[in-house]
Amino acid sequence: MTENNFIFDDEFVISSEGRVGWKAPSNIALVKYWGKKPNQIPANPSISFTLDACATTTTVTYKKLDKISSDFSFDLFFEGKENQDFKPKIQTFFERIDKYVPFLKSCHLKIETSNSFPHSSGIASSASGMGALALCVMSIEKQLNPEITQSYFNRKASFLARLGSGSACRSIEGPFIQWGKYGGIKESSNLFGVSYPFKVHSNFMNYHDTILLVHKGQKTVSSTVGHELMHNHPFANQRFEQAHNNLDKLEQVFEKGDLNEFIKIVESEALTLHAMMMTSLPYFILMKPNTLEIINKIWSFREATNTPICFTLDAGANVHVLYPEMVKEKAIQFIQDELVVYCENGHYICDRIGQGATKIA
Ligand code: PMV
C-alpha cells in the first residue's frame, strides 16, 4: 500500500452532524523506534505491546459548516475544561492529515478528551491521544462512506495516527504491533502498524507492565529533538541494523516462550535507546538516579530468585517493569517492597497487555 491508497474519495460530503468516540490505549515498545525520515517515516522497524489501563478517551462532535473554511474549525476540551495549550499540536496534526481527510474542513469539531492516567505523570499521552483522535476521524469517514472495510479502517487510522506521533500508529490494535518495513514480515509497512502475524507462546499472554513513575515533570529533551539527533549520529547505522536483528531474534523467542532471551533483548533495547541519547551531539540523559536504582534492584532480585522480571524504558525516567502472569504475585510483592520507594510520591500504575482501541460512541 502507498500513501495514495489513503486519499479520501471526495464524492462523499458531510451532510449534517454527528458524534463519534474512541478509547485508545498507550503502548510500550520492546524494539524501539528512535530516528526518523521526513513525513514520520521510521528509520528502523519497531514492535510493541499494546497496553490496557493507560488510555485516552476522545469524542468528536461534528457539525457541517455553512461554507467550507480554508482552515480547521475546532474547540478542544481536556478533562472537561476548554484547553488552548494543546490546540497547536492538534492544528499541526490536522494540517498533516488534511490531504487524506479533506472533509474535516467542511465541519466544526468539538473535541473532548481525557486520559486515564494523571496529567503530568511523565507518561506520554501522544500515542493514546493521537490514536484516539485518528480513530474518531476514521469513524467520521466511515459515516460518510460505510463501504470501507475493517482492515482499511484500522490501517488508515494507524496511518493517520502516525502523522500525529510516530509511535501512535501502534495504538490502534493489539496485543503485539509491528511498525516499519522489515524483511521478516511481508505485510510490514513504514506507513502503519500491523498485527504481529506469527505464533506467540502463552507465556506472553497477559504480560504485565507496572509503570514506576520516577519523575513526573516535563522531560528536558522532547522525542522530536531526540529523533532529530539520530541524523549524523556516529552509531546510527549500527543501531538501525540492530533493531532488524532483534526483530529476527524475537520471532523464535515469541514462538518458544523463551523468557530469558526476551529479557536480554528488551533490556538491551531500552539501554541502547538511552545510549543513543547519551552519545548524540548534543548529548543528554533522561534517566534519573532512581531509574538506575530500580534497574539494579531488578537485576539483583532476578539473580537471587530466578524470577523472569525485567525492565524497559521509554524516552524518559520512568521504568516499565515487565513480567509474565505466572509470577504476578511475587513480582508485585517485590515492586511494593523494594521499588515503590524510588517512585515520586510512591506513585505507580499497574498495566498489562491490551487488545487495542474500543469504540465508545
Ligand atoms: O512517537 P514518538 O515520536 O514520541 O517517539 C517515541 C519513541 C520511543 O517511545 C522512545 C520508542 C518507541 O518506539 O515508542
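Just so you know, these numbers come straight off a predicted model, no measurement behind them. Sequence order sets the numbering: in each chain, residues are counted from 1 along the sequence as written. At least 70 in pLDDT is required for a residue's local features to be given in this predicted model, at least 80 for side-chain atom pairs to be given and counted, and no such filter applies to totals for whole chains, interfaces and linings, which use all residues. Excluding hydrogens and water, the side-chain values take into account all heavy atoms of the structure.

**Looking at the pairing of strand β10 (residues 208-212)**
Stated precisely, the cut-off is as follows: Working definition: with a 1.4 Å probe on protein chains only, accessible area under 20% of the residue-type maximum means buried, over 50% means exposed, and in between means partly exposed. In this text, helices come from DSSP runs of H or I with a minimum length of four residues, and strands from runs of E with a minimum of two, each type numbered from the N-terminal end. Note on pairing: two strands pair once DSSP finds at least 2 bridges between them.
With respect to burial, β10 is a largely interior element, five of its five residues being buried. Here β10 shows no split at all, with H208, T210 and L212 on one side and D209 and I211 on the other all buried. Where β10 and strand β12 (residues 319-323) come together, five bridges link them in antiparallel fashion. Bridging across to β12, L212 finds its partner in V319. With five bridges joining them, β10 and strand β13 (residues 348-352) adopt antiparallel strand pairing. Following the sheet pairing, T210 is matched in β13 by C350.

**Some remarks on the packing of helix α5 (residues 236-256) against helix α6 (residues 259-278)**
Selection rule: The angle between two axes is taken between their N-to-C directions and runs from 0 to 180 degrees, where each axis is a line fitted to C-alpha atoms and a helix contributes only its stretch in contact. Geometric relationships in this document are graded by angle, where less than 35 degrees denotes roughly parallel, more than 145 denotes roughly antiparallel, 65 to 115 denotes roughly perpendicular, and other angles denote oblique. Helix crossings are classified by the rotation of the near helix relative to the far one: an anticlockwise turn of less than a right angle makes the crossing left-handed, while a clockwise turn makes it right-handed. Contacts between residues were defined by any pair of non-hydrogen atoms, one from each residue, lying within 4.5 Å. Classification used: nonpolar for Ala, Val, Leu, Ile, Met, Phe, Trp, Tyr, Cys and Pro, charged for Asp, Glu, Lys and Arg, polar for all others including Gly.
Relative orientation of the contacting elements α5 and α6 amounts to 160°, with a least axis distance of 10 Å. The angle between the axes of α5 and α6 places the two elements in the roughly antiparallel class. For the pair α5 and α6, the sense of crossing is left-handed. Residues R239, Q242, A243, N246, K249, L250, V253 and F254 of α5 touch α6, and the partners they reach there are E261, F262, I265, S268, E269, T272 and M276. Taken together, the residues that form the contact of α5 with α6 break down as seven nonpolar, four polar and four charged.

**Observations concerning the pairing of β12**
Most of β12 sits out of view: five of its five residues are buried. Of the two faces of β12, the one carrying V319, V321 and Y323 and the one carrying H320 and L322 are both buried. Here strand β11 (residues 310-313) runs beside β12; their pairing, made up of four bridges, is antiparallel. Within β12, the residue paired with T312 across the bridge is H320. If you look at the hairpin formed by β11 and β12, you'll find five residues sitting between the two strands.

Just geometry here; none of it tells us what the structure is for.
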